[in-house]
Amino acid sequence: MNFKIRAAKKDDCKDISRMIMELATYGKMPDEVKISHKELERDGFSSNPFFQCLVAEVPEENKSKEGHTIVGYALYIHTYSTLKGPAVYMEDLYVMPDFRGQGIGKSLMSKVAQLGKEKQCMRLQFAVLDWNTPSLDFYVAKGAQDVTASEGWHFLRFDGEALDKLANEAED
Amino acid sequence: MNFKIRAAKKDDSKDISRLIMELAVYEKMPDRVMISYKELERDGFSSNPFFQCLVAEVPEENKSKEGHTIVGYALYFYTYSTWKGPSVFLEDLYVMPDFRGQGIGKSLMSKVAQVGKEKQCVRLQLLMRDWNTPSLDFYVAKGAQDLTASEGWHFLRFDGEALDKLANEASID
């Protein structure tokens, strides 16, 4: 099946939002999604966007059962390593189940890596849940190092009340 | 001791570079530092910077043995959660050993949280080595959740040859 990987446009936000919800359902946490296509439009398509996004598009004749031609996405962010310099963080990578096994996921990820390298990025990083063996195996087979397993890195988060409390302790 | 937390200026890059090296030595990775103050100037102080930075400054009369008044820093950038929206990632937080125990680290971290909240961020996230118990305890005591321990999140990385190979597999447009 033919497919095309291209930069997302503002008009793609409803499709991206649909797929974010599908990915959250796969991650067993659909109730956690608090943002809609409107926030994506505001946050990803301003002059200083919070993120970049690629979409995978199939021709009309190969659209999904529900009529969608946008069948996958990769959402990523430019970050920084004080050891190595510019880096890319891939927040989400997702392909609709009926369109898997055709290289779409690999193409999306390679494109993120290629675009990152064009911006002198030295690393492509992302987080995966330990029970998600298909994804972990996929990434490790492509050459990723699991630096939690090998170097003991733990991912910490402040949110909700803990974040409010922390912020309130700052002096003005 | 008095100290001030303020936004870093381009001129602070030499001090920040010095502190980055001290932190790398503490984290047992001094040979992995590949960037100098020149890259920090280029990457942090352009119109579209890769990062933001705060520094902790003490008065001249309290300077370090080597004569430094910039004694700590917090380097962070904005990221995005597709579930929650804008977030802050704290890449580095460091205070020189002789200046610890006075609330400088806490003040730096709180300021990052405050600045993030002003930009509608709903999360502040960071990575920590599992052997670094003093720091892990510090953050958990401040209310951080260890998502690797509680939810099984693993951090993965492509670099070097593996990154080159991945990028070369992308179709040419």
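- By the naming in an unreviewed UniProt entry, chain B is Spermidine/spermine N1-acetyltransferase family member 2b, taken from Myripristis murdjan.
- Taken from UniProt, the Sequence similarities (unreviewed entry) comment for chain B reads in full: "Belongs to the acetyltransferase family."

- An unreviewed UniProt entry annotates chain A as Spermidine/spermine N1-acetyltransferase family member 2b of Myripristis murdjan.
- Taken from UniProt, the Sequence similarities (unreviewed entry) comment for chain A reads in full: "Belongs to the acetyltransferase family."

1. Side note on the sheet that holds strand 5 (residues 123-129) of chain B
- Strands sit in the order 1(B)-2(B)-3(B)-4(B)-5(B)-7(A)-6(B) across an open sheet of seven strands; the sheet is mixed. Looking at which strands have only one partner, the edges of the open sheet turn out to be strand 1 (4-7) and strand 6 (145-146) of chain B.
- Here strand 7 (residues 153-159) of chain A runs beside strand 6 of chain B; their pairing, made up of two bridges, is antiparallel. The residue of strand 6 of chain B that forms the bridge with A:L156 is B:D146.
- Helix 1 (residues 13-26) of chain B contacts strand 2 (52-57), strand 3 (70-81) and strand 4 (85-95) of chain B of the sheet and is inclined by roughly 85 degrees relative to strand 3 of chain B.

2. Regarding the interface of chain A and chain B
- Taken together, the contact between chain A and chain B spans 74 residues of the former and 77 residues of the latter.
- The junction of chain A with chain B conceals about 7700 Å² of combined surface from both sides, 58% of it contributed by carbon and sulfur atoms.
- Counting the surface chain A buries against chain B, the share from its top three residues, A:Y80, A:L156 and A:R157, is 12%.
- For the pair chain A and chain B, the interface holds six salt bridges.
- As a salt-bridge pair, B:K142 and A:E169 come within 2.5 Å of each other at their nearest N and O atoms.

3. Observations regarding the sheet that holds strand 2 (residues 52-57) of chain A
- Taken together, seven strands build an open sheet; the order of strands is 1(A)-2(A)-3(A)-4(A)-5(A)-7(B)-6(A) and the sheet is mixed. Of all the strands in the sheet, the pair left with one neighbour each is strand 1 (4-7) and strand 6 (145-146) of chain A.
- Where strand 2 of chain A meets strand 3 (residues 70-81) of chain A, six bridges bridge the pair, whose relative direction is antiparallel. Note that in strand 3 of chain A the partner of A:Q52 across the bridge is A:Y76.
- The strands that helix 6 (residues 160-168) of chain B touches are strand 5 (123-129) of chain A together with strand 7 (153-159) of chain B; relative to strand 7 of chain B, the one it contacts most, it runs at about 80 degrees.

4. What to know about the packing of helix 1 of chain B against helix 2 (residues 37-44) of chain B
All names here are of chain B.
- Interhelical geometry of helix 1 versus helix 2 gives an angle of 120 degrees and a closest axis separation of 8 Å. Handedness of the helix 1/helix 2 crossing: right-handed. Each of S13, K14, I16, S17 and I20 in helix 1 lies in contact with helix 2, whose residues at this interface are Y37, L40 and E41.
- Considering only residue class, the contact of helix 1 with helix 2 consists of four nonpolar, two polar and two charged.

5. Quick notes on the pattern of salt bridges
- Evaluated as defined, the whole model comprises 22 salt bridges over all chains.
- In this structure, B:D15 and B:R18 form a salt bridge, with 2.7 Å as the shortest nitrogen-oxygen distance. Placement of both B:D15 and B:R18 in helix 1 is noted, with a separation of three residues, approximately one turn of the helix.
- Of the charged contacts in the structure, one is a salt bridge between B:K65 and B:D98, with a shortest N-O distance of 2.8 Å. Taken together, the residues B:K65 in the loop between strand 2 and strand 3 and B:D98 in the loop between strand 4 and helix 3 (104-118) connect sequence positions 33 residues apart. Here B:K65 and B:D98 have matching classes, each one exposed.
- Here the residues in one salt-bridge network are A:R6, A:D12 and A:E57, joined through shared partners.

6. Side note on the nonpolar core
- One finds A:Y73, A:F158, B:Y73, B:L90 and B:Y139 to be the most contacted residues of the largest nonpolar core, which totals 116 residues.
- Per-element tally for this core: the top contributor is strand 3 of chain B, with nine residues.
- Apart from residues lying up to four places away in sequence, B:L90 is in contact with B:A74, B:L75, B:Y76, B:M109, B:V112, B:L124, B:Q125, B:L126 and B:Y139.

7. Here's the deal with the environment of B:T79
- Tracing the backbone shows B:T79 in strand 3.
- The class of B:T79 is buried, set by a relative accessible area of 8%.
- For the pair formed by B:T79 and B:R123, sequence separation is 44 residues and the distance between their alpha carbons is 9.4 Å.
- What B:T79 contacts, discounting residues up to four positions off in sequence, is A:F50, A:I77, A:T79, B:P86, B:S87, B:V88 and B:F89.

Analysis parameters
Residues numbered from 1 in each chain as written. Chains lettered and ligands numbered in written order. Predicted model: local features only at pLDDT ≥ 70, side-chain atom pairs only at ≥ 80, totals over all residues. Heavy atoms only, no water. UniProt positions renumbered as here; feature names shortened; annotations may be inferred. Pairing = 2+ DSSP bridges. Helix = DSSP H or I, 4+ residues; strand = E, 2+ residues; numbered from the N terminus. Contact = heavy atoms within 4.5 Å. Axes fitted to C-alpha atoms, helices over the stretch in contact; angles between N-to-C directions. Buried area = accessible area lost by both parts, 1.4 Å probe. Salt bridge = Lys/Arg side-chain N within 4 Å of Asp/Glu carboxyl O. Left-handed = near helix turned anticlockwise from the far one by under 90°. Nonpolar A, V, L, I, M, F, W, Y, C, P; charged D, E, K, R; others polar. Buried < 20%, exposed > 50% of the residue type's maximum accessible area, 1.4 Å probe, protein only. Core = buried A, V, L, I, M, F, W, Y, C linked by side-chain atoms within 4.5 Å.

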